[in-house]
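Each chain, letter by letter, is given below.
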Amino acid sequence: SKGELILINNDIPYLFSESVDLVTVYDYKNSSYKVRDLTVTLKESVMEPLNELMEDFYNQYDTNVVTVISGHRSYDFQQSLYKQKLAEDGEIEAMKWVAKPGGSEHHTGYALDFGIYHNSGRSQSYKGSGKYSWINENAHRLALWLGIQKKNQF
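This text gives an overview of the structure that appears in the document. Note that this is a predicted model, so its numbers are computed, not measured.

1. Section: the pairing of strand β4 (residues 66-70)
Along any regular strand the residues' side chains alternate between the sheet's two faces.
1) Next: The buried count for β4 comes to four of five residues, which makes it a mostly enclosed element.
2) Next: For β4 and strand β5 (residues 113-117), the ladder comprises four bridges, and the chain directions are antiparallel. Within β5, the residue paired with Val66 across the bridge is Ile116.

Structural data, given as structure tokens:
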């Protein structure tokens, strides 16, 4: 549960540490994408490769409608999401869509969710299809970049 390669799921919970070096995405992002609000946070080490990935997407498709809608989640926040989904849709549906508290990759600060927000005010879910499939096909570059940077530190 240390480093950038961490396995987390409902069967293998995240081991929370006392300190988490998070930054607000808004303060570190470039103009090639949007962020939901000032509360979305990630590990600082994610920001440079995310910016590069999204800038490459922007350069290819000339659109900055992709929006980071969530990042790091605390145990308590994940618990509230899970309880809300459980109350709305029952346990079977909740288990399909929301990780149990402690079982979310968002606890690490390395995971994020995208949405689409058009300048007209129209929003839509991010499905990773059409031109957005480029992001899914190139997302591995974030992990690769993090691994190279870590290796170069030694």
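2. Things to note about the pairing of β5
1) Next: As paired elements, β5 and strand β6 (residues 123-125) share three bridges and run antiparallel to each other. Within β6, the position partnered with Tyr117 by the bridge is Ser123.
2) Next: Between β5 and β6, which follow one another and run antiparallel, lie five residues, and Gly121 among them has a positive phi close to 100 degrees.

3. Considering the sheet that holds β4
1) Next: Taken in spatial order, the four strands make up an open sheet running β2-β4-β5-β6, and their pairing is mixed. Edge positions in the sheet fall to β2 (34-35) and β6, since each has one partner strand and no second.

4. Let's talk about the pattern of salt bridges
1) Next: Per the counting criterion, the structure on display carries six salt bridges.
2) Next: The partner of Asp56 in a salt bridge is Arg141, and the shortest N-O contact between them spans 2.4 Å. Taken together, the residues Asp56 in helix α2 (residues 44-61) and Arg141 in helix α5 (residues 140-152) connect sequence positions 85 residues apart.
3) Next: Residue classification places Asp56 among the partly exposed residues on the basis of a relative accessible area of 31%.
4) Next: Judged by relative accessible area, Arg141 falls into the partly exposed class, the value being 25%.
5) Next: A salt bridge links Glu93 to Lys96, with the shortest nitrogen-to-oxygen separation between them at 2.9 Å. Here the residue Glu93 and the residue Lys96 both occupy positions in helix α3 (residues 75-97), the gap between them amounting to three residues, near one helical turn.

5. Notes on the nonpolar core
Soluble globular proteins tend to pack their nonpolar side chains together in the buried interior.
1) Next: By size, the foremost hydrophobic cluster in this structure holds 23 residues, and its most contacted members are Leu50, Met54, Val66, Val68, Phe114 and Ile135.
2) Next: Every element with two or more residues in this core is listed here: α2, β4, β5 and α4 (133-138).
3) Next: Looking at which element gives the most residues to this core, the answer is α2, with six residues.
4) Next: Apart from residues lying up to four places away in sequence, Val66 is in contact with Tyr33, Lys34, Met54, Phe57, Phe114, Gly115, Ile116, Tyr132 and Ile135.

6. What about the side chain of Asn51?
1) Next: Tracing the sequence through the fold places Asn51 in helix α2.
2) Next: Within the structure, Asn51 has its side chain in polar contact with the side chain of Tyr33 (distance 2.6 Å).
3) Next: Here Asn51 is in contact with Tyr28, Lys29, Asn30, Ser32 and Tyr33, once residues within four sequence places are set aside.

7. Structural notes on the packing of aromatic side chains
1) Next: Evaluation of the coordinates by the stated rule reveals seven aromatic pairs.
2) Next: Ring centres of Phe114 and Tyr126 lie 5.3 Å apart, and the angle between their planes is 55 degrees; this geometry places the pair in the tilted category. Here Tyr126 lies in the loop between β6 and α4 and Phe114 lies in strand β5, a separation of 12 residues in the sequence.
3) Next: Through successive ring pairs, a cluster of aromatic residues spans Phe57, Tyr61, Phe114, Tyr126, Tyr132 and Trp134.
4) Next: Sitting over the ring of Tyr33, Lys29 keeps its end group 5.0 Å from the ring centre.

What counts and how
- Residues numbered from 1 in each chain as written.
- Predicted model: local features only at pLDDT ≥ 70, side-chain atom pairs only at ≥ 80, totals over all residues.
- Heavy atoms only, no water.
- Buried < 20%, exposed > 50% of the residue type's maximum accessible area, 1.4 Å probe, protein only.
- Helix = DSSP H or I, 4+ residues; strand = E, 2+ residues; numbered from the N terminus.
- Pairing = 2+ DSSP bridges.
- Salt bridge = Lys/Arg side-chain N within 4 Å of Asp/Glu carboxyl O.
- Core = buried A, V, L, I, M, F, W, Y, C linked by side-chain atoms within 4.5 Å.
- Contact = heavy atoms within 4.5 Å.
- Polar contact = N/O pair within 3.5 Å; in protein donor to acceptor, adjacent residues only side chain to side chain.
- Phe/Tyr/Trp six-rings, centres within 6.5 Å; stacked < 30°, edge-to-face > 60°.
- Lys NZ or Arg CZ within 6 Å of the ring centre and 35° of its normal.

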